[in-house]
Amino acid sequence: MSKEMGIFGSKRVEIWQEDITKVAVDAIVNAANKSLLGGGGVDGAIHKAGGSAILEECVKIRQKQGGCETGEAVITTGGNLPAKYVIHTVGPVWHGGKQGESEKLRNCYSNSLKLAQENGIESIAFPNISTGVYGYPKEEAARLAIDEIRRFLQNEDRIKKVLFVCYDRENYQIYSRLAEKLR
Ligand code: AR6
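Okay, so let's go over this structure. All of these numbers come straight from a predicted model, not from anything done at the bench.

Let's shift gears to the packing of aromatic side chains. Counting across every chain of the model gives three aromatic pairs. Relative to Tyr 175, the ring of Phe 164 has its centre 5.0 Å away and its plane inclined at 45 degrees; by these criteria the two rings are tilted. Here Phe 164 is found in strand S7 (residues 161-166), whereas its partner Tyr 175 is found in helix H5 (residues 169-182), with 11 residues between them in sequence. Both residues of the pair, Phe 164 and Tyr 175, belong to the buried class.

Written as structure tokens, this is what we have:
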């Protein structure tokens, strides 16, 4: 697992190349879909490693509020994962960039962090939301994710650690390069 430490002068933010299901933080974020019933990619990996307790809570959330809108976030147990919680957020599908994709992707990050705050979570790991099946251009997504996290952390001090967990080499290289510029 390779790591890039401390971006934008803050030791609170790190970039890792890792499988997010193996990361021992208070909460990992899932790039889910509106149904909350699981899928492929990181979503499939989280449900597989975390076990049925996660899906059971997702089903209860569905019964209560009918799934999760794009840009919103909900929280469940981490089940068998090393992480205590999973925060499920729904990234936008990329349709060329003129359908509010960037705002929705920003909302994924800020709403996940708000939920983290509300639940006393001090360490949180994000995957590269929307950059797989949903087709969001990786470089743009990374810039936006870093910018939104920076903006959010400026006004709060309870969250001690935010990890960007990159799975594919391309995303890891993009984040590392952007971090180098911001260091
Ligand atoms: N750990 C960390 N990151 C991962 C892992 C993992 N184990 N596996 C994949 N990634 P995607 P999306 C990265 O497609 O684009 C699902 O079916 C991957 O390299 O998982 O938001 C949902 O149910 C990529 O960079 O999510 C939705 O229907 C990133 O995770 C849909 O896919 C996101 O890729 C969501 O699409």
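This is not the end of the story, as more comes after the structure.
The subject of this paragraph is the packing of helix H1 (residues 41-50) against helix H2 (residues 52-65). H2 packs onto H1 with a crossing angle of 115 degrees between their chain directions and a minimal axis gap of 6 Å. On the side of H1, the interface is formed by Ile 46, His 47 and Gly 50, while H2 contributes Ser 52, Ile 54, Leu 55 and Cys 58. Residue composition of the contact of H1 with H2, grouped by class: four nonpolar, three polar and no charged.

Take the site of the ligand next. The environment of the ligand is formed by 22 residues, the closest being Asn 33, Gly 40, Val 42, Asp 43 and Ser 130. Within the side chain of Asp 43, one N or O atom sits 2.7 Å away from an oxygen atom of the ligand. One nitrogen or oxygen atom from the main chain of Gly 132 is found 2.8 Å from an oxygen atom belonging to the ligand. Bound to the protein, the ligand loses 90% of the 700 Å² it would expose on its own. Its atoms largely coinciding with the cavity grid, the ligand occupies the largest pocket. No other element matches H1, which puts four residues into the shell around the ligand. Each residue belonging to the shell around the ligand can be placed in one class, and the counts come to eight nonpolar, 10 polar and four charged.

It is worth spelling out the pattern of salt bridges at this point. Summed over the entire model, instances satisfying the criterion amount to 11 salt bridges. Here Arg 106 ties to Glu 148 by a salt bridge, and the two come within 2.8 Å at their closest N and O atoms. With Arg 106 in helix H3 (residues 101-118) and Glu 148 in helix H4 (residues 138-154), this pair connects stretches of sequence that are 42 residues apart. Note on Glu 148: relative accessible area 4%, which makes it buried. Residue Glu 148 is joined to Arg 151 by a salt bridge in which the shortest nitrogen-to-oxygen separation is 2.6 Å. Here the residue Glu 148 and the residue Arg 151 both occupy positions in helix H4, the gap between them amounting to three residues, near one helical turn. Assessed through its relative accessible area of 41%, Arg 151 is described here as partly exposed. By sharing partners, the salt bridges in this structure join Arg 106, Asp 147, Glu 148 and Arg 151 into a single network.

Rules used in this analysis
- Residues numbered from 1 in each chain as written.
- Predicted model: local features only at pLDDT ≥ 70, side-chain atom pairs only at ≥ 80, totals over all residues.
- Heavy atoms only, no water.
- Phe/Tyr/Trp six-rings, centres within 6.5 Å; stacked < 30°, edge-to-face > 60°.
- Helix = DSSP H or I, 4+ residues; strand = E, 2+ residues; numbered from the N terminus.
- Buried < 20%, exposed > 50% of the residue type's maximum accessible area, 1.4 Å probe, protein only.
- Axes fitted to C-alpha atoms, helices over the stretch in contact; angles between N-to-C directions.
- Contact = heavy atoms within 4.5 Å.
- Nonpolar A, V, L, I, M, F, W, Y, C, P; charged D, E, K, R; others polar.
- Near = heavy atom within 4 Å.
- Polar contact = N/O pair within 3.5 Å; in protein donor to acceptor, adjacent residues only side chain to side chain.
- Areas by Shrake-Rupley, 256 points an atom, 1.4 Å probe, with all protein chains shown as cover.
- 1 Å grid on protein atoms, 1.4 Å probe; cavity = no way out; pocket = protein on both sides within 12 Å on 5 of 7 lines; lining within 4 Å.
- Sits in = over half its atoms within 2 Å of the grid points.
- Salt bridge = Lys/Arg side-chain N within 4 Å of Asp/Glu carboxyl O.

Any functional reading would require information beyond the geometric quantities listed.
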